Amino acid sequence: MILRFCFVIVHFDYNCTHDDNCPVCTLIHNFKNDLTGFNPSLVEIVITMLVLLSPITIYLNNRTADKKKYTLIGLKVELSN
């Protein structure tokens, strides 16, 4: 559903002929029908958020963490001869 939503956003300014053979209009109508029938419970939403967002948050936190913080330079260690 997320990819189809992105497809709809990408083709938001699409010049359509509005006939029955338009593939973009067909996909948009199918997406609209799927959203109308989508009715998850609160428990399913919370479980999905925990399952999907936890690893993404951990990954992004590791990618954006300051890698120099725990090196000798980051700890401002002075090396002497």
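Criteria and thresholds
Residues numbered from 1 in each chain as written. Predicted model: local features only at pLDDT ≥ 70, side-chain atom pairs only at ≥ 80, totals over all residues. Heavy atoms only, no water. Helix = DSSP H or I, 4+ residues; strand = E, 2+ residues; numbered from the N terminus. Areas by Shrake-Rupley, 256 points an atom, 1.4 Å probe, with all protein chains shown as cover. Lys, Arg positive; Asp, Glu negative; His and termini not counted. Charge placed at Lys NZ, Arg CZ, Asp CG, Glu CD. Expected span 1.5 Å × (residues − 1). Bend = angle between axes of the 7 residues up to and from the residue. pLDDT = per-residue confidence, 0-100.

Turning to the overall build of the chain, a few remarks are in order. The secondary structure content of the chain amounts to 3 helices and 0 strands. Secondary structure of the chain in N-to-C order comes out as α-α-α. The C-alpha extent of the chain, read off along each of the three principal axes, is 80 × 35 × 10 Å. Here the chain displays about 7800 Å² of accessible surface, and carbon together with sulfur accounts for 64% of that area. Within the chain, one finds 7 positive and 7 negative side-chain charges whose respective centroids are separated by 17 Å.

A separate point is helix H3 (residues 42-64). End to end, H3 covers 31 Å across 23 residues, agreeing with the expected 33 Å (1.5 Å per residue, within 8%). Of all bends in H3, the biggest is about 30 degrees, found at leucine 53, and the proline proline 55 comes one to four residues later.

Turning our attention to the confidence of the model for the chain. In this model, the chain carries an average pLDDT of 78, and 98% of its residues clear a pLDDT of 70 or more. Of all secondary-structure elements in the chain, the lowest mean pLDDT belongs to helix H1 (residues 2-10), at 77, while H3 reaches the highest, 85.

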